[in-house]
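# Residue-level structural notes
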2 protein chains.
Amino acid sequence: MFIQINFESDVPIYEQLKNQIIIGIAKKELAPGDRLPSVRKLASDIGINLHTVNKAYKQLEEKGFLIIHRQKGVIINPDGPPQADETYTKTLKETLLPMIAELELRGIDKINLLSIINEIYEQLEVDRDE
Amino acid sequence: MFIQINFESDVPIYEQLKNQIIIGIAKKELAPGDRLPSVRKLASDIGINLHTVNKAYKQLEEKGFLIIHRQKGVIINPDGPPQADETYTKTLKETLLPMIAELELRGIDKINLLSIINEIYEQLEVDRDE
DNA sequence: ATATATGTTATATTTGTAATATAACATAAA
DNA sequence: TTTATGTTATATTACAAATATAACATATAT
């Protein structure tokens, strides 16, 4: 499995899980319809509690990235990821505003930012097998 | 004062404070050397506890945005904001990666993102008096 | 001198979240 | 009938956010 948890991080474990699954989908390492490990399996692989995995799965289901079936298990939504709506875009802007304010003050101008963003897009596109 | 706290938000109050002060500096509503309200004054204006304001101030001092003097009070760092270093840039990229992954999946492509970012830069430049 | 205002320190309490630990449940599939 | 799935329930531990009070040290104003 591609999951790697940093137990020193101040990012909660269930958030790290959500992030890595979303990144996995974006990198196409996980395709619509693909199955994810059971909550017990992933929990024991990583060495964490089943409820922590369940929390991540449930929140990704709530957002529309995953489909959870009581007996069959968990799969990547076959209909593809949820699309951005007004609410999502509004929240995104509210998140970006203070980030960009700080970034600007710290001397990272728009050009620098765009180059960082390009770098991240490359990370998401290239790594087909890693 | 320009501070407006959303008590419904899941963003902690002290984080909202930090964000709004940084945005204030970026918009040049607050200039280097400008004085901020005392912890007690701001706390009572907003209707929160003095320690919550103090926590925000201390963390901004720690980052280099503010100078705190035991008797004179709190001012915006006269030497200007702290500049980005390697650590900051690394953390920034780690924050952006999952954001951009989700955004991409949701159908917001690079062009859309750049237009959102431009919109935010405008917000930071225009509002000289509001 | 005295009072005032500053940030600071200390202690305690309440509330909520993250994470874990155990156990049991319902049910499709083997 | 067994196994594996997610689900639900209960409890516990650890920590963070926010508050409440009180006292402290000290530069500045009166």
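About the cut-offs
- Residues numbered from 1 in each chain as written.
- Chains lettered and ligands numbered in written order.
- Predicted model: local features only at pLDDT ≥ 70, side-chain atom pairs only at ≥ 80, totals over all residues.
- Heavy atoms only, no water.
- Patch = residues over 30% accessible without salt bridge, like charges linked within 9 Å, V, L, I, M, F, W, Y side chains within 5 Å.
- Areas by Shrake-Rupley, 256 points an atom, 1.4 Å probe, with all protein chains shown as cover.
- Salt bridge = Lys/Arg side-chain N within 4 Å of Asp/Glu carboxyl O.
- Lys, Arg positive; Asp, Glu negative; His and termini not counted.
- Charge placed at Lys NZ, Arg CZ, Asp CG, Glu CD.
- Helix = DSSP H or I, 4+ residues; strand = E, 2+ residues; numbered from the N terminus.
- Least-squares fit on C-alpha atoms with pLDDT ≥ 70 in both.
- Contact = heavy atoms within 4.5 Å.
- Buried area = accessible area lost by both parts, 1.4 Å probe.
- Polar contact = N/O pair within 3.5 Å; in protein donor to acceptor, adjacent residues only side chain to side chain.
- Nonpolar A, V, L, I, M, F, W, Y, C, P; charged D, E, K, R; others polar.

### With respect to a negative patch on the surface
A surface patch of negative charge is lined by A:Glu104, A:Asp109, B:Glu122 and B:Glu125. With respect to the helices and strands, A:Asp109 occurs in the loop between helix 4 (86–105) and helix 5 (110–126).

### Some points on the relation of the copies chain B and chain A
Overlaying chain B with chain A gives an RMSD of 0.0 Å, the required rotation being 180 degrees about an axis along which the chain moves by 0.0 Å. Seen this way, the second copy is the image of the first under a two-fold rotation axis. Among all C-alpha atoms of chain B, that of B:Leu114 lies closest to the rotation axis, at 4.0 Å. A symmetric contact is evident, with 100% of the interface residues of chain B recurring at the interface of chain A.

### Section: the interface of chain B and chain A
With 40 residues of chain B at the contact, the number on the chain A side is 40 residues. Taken together, both faces of the contact between chain B and chain A bury some 4300 Å²; the carbon and sulfur share is 73%. Ranking the residues of chain B by area buried against chain A places B:Leu105, B:Arg106 and B:Tyr121 at the top, with a combined share of 19%. At the boundary of chain B with chain A, the tally comes to 4 salt bridges. Linking A:Lys63 and B:Glu102 is a salt bridge whose minimum nitrogen-to-oxygen distance equals 3.2 Å. In this assembly, chain B and chain A are joined by 11 residue pairs in polar contact (both at pLDDT 80 or more). Listing elements by their share of the side of chain B that touches chain A, those giving two or more residues are helix 1 (13–26), helix 4 (86–105) and helix 5 (110–126) of chain B. Here the side of chain B that touches chain A takes 14 residues from helix 4 of chain B, the largest share from any one element. Of the residues that constitute the side of chain B that touches chain A, the class distribution is 26 nonpolar, 6 polar and 8 charged.

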